[in-house]
Amino acid sequence: GDTLVVVYQKDRTSGTPYLYSTMSTDYGVNWSTPQMQSSDGEHPDIAYGQAGNVYLTYHKTIKDDIAFLRGKTYETGPWDYVEYLTTDSTSCHDDFPKIAALHTLPADTTTVWVAYNHDEAPPSKVMNTDLRFAYSTNSGVDWTKDQVLANDPSADEMAADLKVYRSSTNKYVDLCYLKYSGVVKSGSDIYYTWANATHPEQFYSPHQIINEHWANCSPDGRENCQLTYPIPDDYPGIVYAGFPLKKDDGKNLDFGGWDLYYDFHDWTDVEEETAEEKLPAEFSLSNNYPNPFNPETKIGYFIPKACQVNLEVFNILGQRVRTLIDEVQTKGKKEVTWDGKGESGNEVASGVYFYKLETENFSQTKKMVLMK
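Remember, predicted model here, so these are calculated numbers, not experimental data.

(A) The arrangement of the overall build of the protein chain in detail. Secondary structure summary: the protein chain contains one helix and 26 strands in total. Expressed as a percentage of the 372 residues in the protein chain, the buried residues total 51%. For the protein chain, contacts bridging at least 24 residues in sequence account for 53% of all contacts bridging at least 6. Surface accessibility of the protein chain: about 17400 Å² in total, with carbon and sulfur atoms responsible for 49%.

Laid out in structure tokens, this is it:
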């Protein structure tokens, strides 16, 4: 509604930093007296759930751990402490957490995710940061901890942004993170993946590179990389600070300053020479997004040469429900939207459906779920 909640870090001249919160119930015109939520906390991130629930995660400096708090927007006192989200804090450094929560009912069954940077302590190698997460399926009461999300021994992975995909059912969470291999002086790739409430422990694999320029590298990825949704119920985009050019050999890079870029997920149009380097060499059919979906979903595919293309939707009995594509198409990345309707224009029932891409030399079928 009209309630805004801000959590901020207040550094002291010596000792541990404080965390304070303040609230407005009139769209930011007036703010409540700041309340201290922790006498030891930094790098906070906050998310809404249902029924006034507010979820807060931050780095506990003394314990060197990721902490979680839950509160109500209408409460004036400190929020209830729930627990620490990591179990190996004595030997490792966990920091820069990001949090997201679904907006599902009942409120006590909300799925909450926290992603964070996990470092060896003390570091034993140059590339020692991986990405981990914890999740709860009952509004932050019980947690599954120390789940590995990305762990490339030759690179550092650093969480950038974690956001709920705001479809009509709010059953998805999108994650982007920075991956720095040290090949370029300080440039990194931005990777994207997602999970849903049905399988909160499983982020979609393989993770996709979604930046067309080298992104600036930072332990706290929120400083220079954020997810955004340009159109309701559409693919996420990213805004980030980066280099003007991206080359694998690190050459032709302008290190004189940073530019601000916007990339639109995996289907961004780029300059021709860059596009040719990135296009796959074979036919491919992507997983539809979102999945499950309501009321519509997007299907992406690639054809390496001009040809006749057929893309059809079938029900679980093998009956054709809708023909989405039946034409000759030029080579390149393609995308089509299915609106959950049959050939007659009537909405189809909830359930499992299959979409099949077929050309003269290629055929592949994938599954999707319509949930109403």
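(B) Structural context of the side chain of N288. Mapped onto the elements, N288 comes out in the loop between strand 20 (284-285) and strand 21 (297-303). By relative accessible area, which is 2% here, N288 ends up buried. A distance of 3.5 Å separates a polar atom in the side chain of N288 from a polar atom in the side chain of N291.

(C) Geometry of the environment of V164. With respect to the helices, strands and loops of the structure, V164 is situated in strand 12 (residues 156-165). Note on V164: relative accessible area 8%, which makes it buried. For the pair V164 and L175, spaced 11 residues apart in sequence, the C-alpha separation works out to 8.9 Å.

(D) Highlighting the sheet that holds strand 6 (residues 65-72). The antiparallel open sheet is built from four strands, whose spatial order is 4-5-6-7. With partners counted over all chains shown, the strands left at the sheet margins are strand 4 (42-48) and strand 7 (80-84), one partner each. Neighbour to neighbour, the strand axes of the sheet diverge by 20° on average, direction disregarded. Here strand 5 (residues 53-60) pairs with strand 6 via eight bridges, running antiparallel. Following the sheet pairing, Y58 is matched in strand 6 by A67.

(E) Local environment of the pairing of strand 25 (residues 351-358). Relative to strand 25, strand 22 (residues 307-315) runs antiparallel, the two sharing six bridges. Across the sheet, L311 pairs through a bridge with L357, a residue of strand 25.

(F) Spotlight on the environment of L19. Relative to the helices and strands, L19 resides in strand 2 (residues 18-24). Each C-alpha atom, one on L19 and one on G41, is 5.7 Å from the other, the two residues being 22 residues apart in sequence. Dropping the residues within four chain positions of it, L19 is found in contact with Y8, Q9, Q35, M36, Q37, S38, G41, E42, P44 and Y58.

(G) Region of the structure containing the sheet that holds strand 24 (residues 332-338). Pairing in this open sheet of three strands is antiparallel, and the strands run 20-21-24 from one edge to the other. Pairing within the sheet leaves two strands with one partner each, and these edge strands are strand 20 and strand 24. As judged from the two bridges shared by strand 20 and strand 21, these two strands associate in the antiparallel manner. Each bridged residue has a counterpart across the sheet, and for L285 the counterpart in strand 21 is Y301.

(H) Main features of the pattern of salt bridges. As enumerated under the stated definition, the model contains 10 salt bridges in all. Of the charged contacts, one joins D339 and R322 as a salt bridge, the two residues approaching to 3.1 Å between their closest N and O atoms. One end of the pair, D339, is in the loop between strand 24 and strand 25; the other, R322, is in strand 23 (residues 320-329), with 17 residues separating them in the sequence. Given a relative accessible area of 29%, D339 falls into the partly exposed group. For R322, a relative accessible area of 21% corresponds to the partly exposed category. Overlapping salt bridges, with partners in common, bring together D45, K98, D220 and R222 in one network.

(I) Structural view of a nonpolar patch on the surface. A grouping of L4, V6 and W31 is seen on the molecular surface, where their side chains present a nonpolar patch of about 250 Å² in accessible area. With respect to the element layout, L4 can be found in strand 1 (residues 4-10).

(J) The arrangement of the confidence of the model for the protein chain in detail. Per-residue pLDDT for the protein chain has a mean of 83; in total, 83% of the residues score no lower than 70. Considering only residues more than four positions removed or in separate chains, one finds that residues 266-279, a stretch of pLDDT under 50, has 20 contacts.

(K) Quick look at the pairing of strand 4. With five of its seven residues buried, strand 4 lies for the most part within the structure. Inspection of the sheet shows strand 4 paired to strand 5 by five bridges, in the antiparallel sense. In the strand pairing of strand 5, A47 is matched with Y55. Linking two consecutive strands that pair antiparallel, namely strand 4 and strand 5, is a turn of four residues; a positive phi of about 55° is found at A51 within it.

(L) Looking closely at the packing of aromatic side chains. Evaluated as defined, the whole model comprises 16 aromatic pairs. Both rings, one in Y8 and one in Y20, keep their centres 6.0 Å apart while their planes meet at 15°; by these two values the pair is stacked. In this pair, Y8 is assigned in strand 1 and Y20 in strand 2, connecting sequence segments 12 residues apart. Since its relative accessible area comes to 29%, Y8 is described here as partly exposed.

(M) Just the nonpolar core, in detail. Ranked by size, the top nonpolar core spans 22 residues in total, and within it Y301, L311, V313, L324, W338 and Y353 carry the most contacts. For this core, the secondary structure elements donating two or more residues are strand 21, strand 22, strand 23, strand 24, strand 25 and strand 26 (363-370). Per-element accounting of this core gives the leading share, four residues, to strand 22.

What counts, and at which threshold
Residues numbered from 1 in each chain as written. Predicted model: local features only at pLDDT ≥ 70, side-chain atom pairs only at ≥ 80, totals over all residues. Heavy atoms only, no water. Helix = DSSP H or I, 4+ residues; strand = E, 2+ residues; numbered from the N terminus. Buried < 20%, exposed > 50% of the residue type's maximum accessible area, 1.4 Å probe, protein only. Contact = heavy atoms within 4.5 Å. Areas by Shrake-Rupley, 256 points an atom, 1.4 Å probe, with all protein chains shown as cover. Polar contact = N/O pair within 3.5 Å; in protein donor to acceptor, adjacent residues only side chain to side chain. Pairing = 2+ DSSP bridges. Axes fitted to C-alpha atoms, helices over the stretch in contact; angles between N-to-C directions. Salt bridge = Lys/Arg side-chain N within 4 Å of Asp/Glu carboxyl O. Patch = residues over 30% accessible without salt bridge, like charges linked within 9 Å, V, L, I, M, F, W, Y side chains within 5 Å. pLDDT = per-residue confidence, 0-100. Phe/Tyr/Trp six-rings, centres within 6.5 Å; stacked < 30°, edge-to-face > 60°. Core = buried A, V, L, I, M, F, W, Y, C linked by side-chain atoms within 4.5 Å.

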